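Descriptive analysis of the structure
Given next are the chains, with one letter for each unit.
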Amino acid sequence: MRVLLLAQLYPPVIGGEERHVRNLAVALAARGHEVHVATYDTGEPAQQDPGVAVHLLDHVGRRLPGLYPTADRPLALPVPDPLTTRDLARLVRDLAPDVVHAHNWIVSSYVALPAARRLPLVLSLHDYSHACATKRLMFLDGEPCSGPSLRKCVPCAGQHYGRARGPVIAGAVAAGSPRRRGVVDLFTPVSRFVGEANRLDQQGVRWEVVPNFVPDELVSMPEPPRDPALPGTPYLFFAGDLSEQKGVHTLMEAWRRLPDGRPDLVLVGRPADRLGPLPEGVHVHHHWDHPRVLSGFRHATAAVLPSEWPDPCPTTVLEAMATGAPLITTGRGGIADMVVPGESALVVPPGDPAALSAAIGALVADPARAAALAGRGRQEVGRFLQSSVAARFEELYADVRASARRGGSPAAPS
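Residues numbered from 1 in each chain as written. Predicted model: local features only at pLDDT ≥ 70, side-chain atom pairs only at ≥ 80, totals over all residues. Heavy atoms only, no water.

Looking only at helices and strands, the protein chain features 15 helices and 12 strands. In summary, the protein chain has a C-alpha radius of gyration of 21 Å against a globular reference of 22 Å for 414 residues, a match within 12%. Projected onto the principal axes, the alpha-carbon positions of the protein chain cover approximately 65 × 50 × 40 Å. Here the protein chain holds 414 residues, and 56% of them are scored as buried. Surface exposure of the protein chain reaches about 16800 Å², of which carbon and sulfur atoms provide 53%. (Helix = DSSP H or I, 4+ residues; strand = E, 2+ residues; numbered from the N terminus. Rg over C-alpha atoms; globule rule 2.2 N^0.38 Å. Buried < 20%, exposed > 50% of the residue type's maximum accessible area, 1.4 Å probe, protein only. Areas by Shrake-Rupley, 256 points an atom, 1.4 Å probe, with all protein chains shown as cover.)

Attention now goes to the sheet that holds strand E10 (residues 302–305). Across the sheet, which stays open at both edges, the 6 strands sit in the order E9-E8-E7-E10-E11-E12 with parallel pairing between neighbours. This sheet does not close on itself; its edge strands, each paired only once, are strand E9 (282–285) and strand E12 (346–347). The sheet contact formed by strand E8 (residues 264–268) and E9 spans 4 bridges and is parallel. Looking at E9, one finds that Val266 is bridged to His283. Strands strand E7 (235–239), E8, E9 and E10 of the sheet are contacted by helix H9 (residues 248–256), whose axis makes an angle of about 170° with E8. (Pairing = 2+ DSSP bridges. Contact = heavy atoms within 4.5 Å. Axes fitted to C-alpha atoms, helices over the stretch in contact; angles between N-to-C directions.)

In this section: the packing of helix H13 (residues 353–365) against helix H14 (residues 367–380). Relative orientation of the contacting elements H13 and H14 amounts to 105°, with a least axis distance of 5 Å. Taken together, the axes of H13 and H14 are roughly perpendicular relative to one another. Taken together, the residues of H14 that come into contact with H13 (itself represented by Ala362, Leu363, Val364 and Ala365) are Pro367, Arg369, Ala370 and Leu373. Its residues assigned to classes, the contact of H13 with H14 comprises 7 nonpolar, no polar and 1 charged. (Parallel < 35°, antiparallel > 145°, perpendicular 65-115°, else oblique. Nonpolar A, V, L, I, M, F, W, Y, C, P; charged D, E, K, R; others polar.)

What follows concerns the pairing of E10. Taking every second residue as pointing to the same face, both faces of E10 are buried, with Ala302 and Val304 on one and Ala303 and Leu305 on the other. Where E7 meets E10, 2 bridges bridge the pair, whose relative direction is parallel. Bridging across to E10, Phe237 finds its partner in Ala303. Sheet analysis places E10 next to strand E11 (residues 327–329), joined by 3 bridges and oriented parallel.

One way to put it is that H9 packs onto H13 with a least axis distance of 8 Å and a crossing angle of 60°. Accordingly, the angle class assigned to the pair H9 and H13 is oblique. Crossing geometry of H9 relative to H13 is assigned as right-handed. Between H9 and H13, the contacting residues are Thr250, Leu251, Glu253 and Ala254 on the first element and Pro353, Leu356, Ser357 and Ile360 on the second. Per-class residue counts for the contact of H9 with H13 are 5 nonpolar, 2 polar and 1 charged. (Left-handed = near helix turned anticlockwise from the far one by under 90°.)

This paragraph deals with the sheet that holds strand E5 (residues 121–125). Across a sheet, strands are paired by hydrogen bonds formed along the backbone, either parallel or antiparallel in direction. With parallel pairing, the 6 strands of this open sheet are ordered in space as E3-E2-E1-E4-E5-E6. Whereas interior strands pair on both sides, the edge strands pair on one side only; in this sheet they are strand E3 (52–57) and strand E6 (186–189). Put simply, the sheet's adjacent strands are angled 20° from each other on average, direction ignored. Pairing between E5 and E6: 4 bridges, direction parallel. What sits directly across from Leu123, in E6, is Phe187. Sheet strands touched by helix H2 (residues 82–95): strand E1 (2–7), strand E2 (34–40) and E3. Its angle to E3, the strand with the most contacts, is close to 150°.

Printed below as a string of structure tokens:
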């Protein structure tokens, strides 16, 4: 089967969605499929992987970066980019793919093509971008949003993207959802919460949860060497955007409340919020590559990932469990699908430094309990391995192709 994956970004750009697309591409190629990835040209060569052909797409952001909210990570907007649509038209004509699998907003540049109405199309939702202009389903004051309405979305998007861009993006999301519903054969949100929050049930579309995943070998890989930047003493480990929505400020306050003799705290991720002066024992690192992050998890006393937003299906939670790190997290968003509270992870209320500090203290004081959590975590992560998720996508591709030949809709998810 010839598969065309559409992704806003691809490694070496670092991020959960980028790693998901890359790992899926490699897994499909290993299963004998001809795999192509179309992604934005960021000015640096894309990572070369066996069996995967990467095609770089032009986009307006290269010429007019001021139109876009971010300079380092060009953002696919929820409207067709004329340059991207042009390149996709050529690519689809030359490749004649059997199925197209898009990820988030780059699909807008594809659905503008006539080919989108005749080629089977799967759309993975990694966040809330089908319904929310900021993709987070959160107001800027940190409170959860109950759902979209232009009365709420326009001012919220204006605060997030700026007065000029925000209303346009909010309006495009509202207008683009019906357009996508008309051509997407199957939506695959990464968790049930993502599917429900994007209101797929109310829209009457076909959808099935297909989660994020980690490589199979991560569970059985030899212990990686301890990265020289890690403390030589016990430490707690966090990986993700260094932002309030990921719970970093709550984590630092919880760490301060620990008694003397506490483990060091290592924070790794993209800088997002100001962390202020760092006390002795707190180490911050930016832009670590994946092997270094895995080393951080593997040697940690505990992985602490206290998301305060409805995290869709964070790969870092899976990586912590797969590498054997005792895990402390929250039950927000898709994380509720990923852990068994009290068995594969300690689950605390979001934004509660006292509860988080108590959970950390309990694990530090009870190595046997920490080991039990880690062992159960490695068992639970078996549901989120690359081989099983790639096999499921393979089945879904065959299903949408068969449905397209019959002129009908894919079978309803079980």
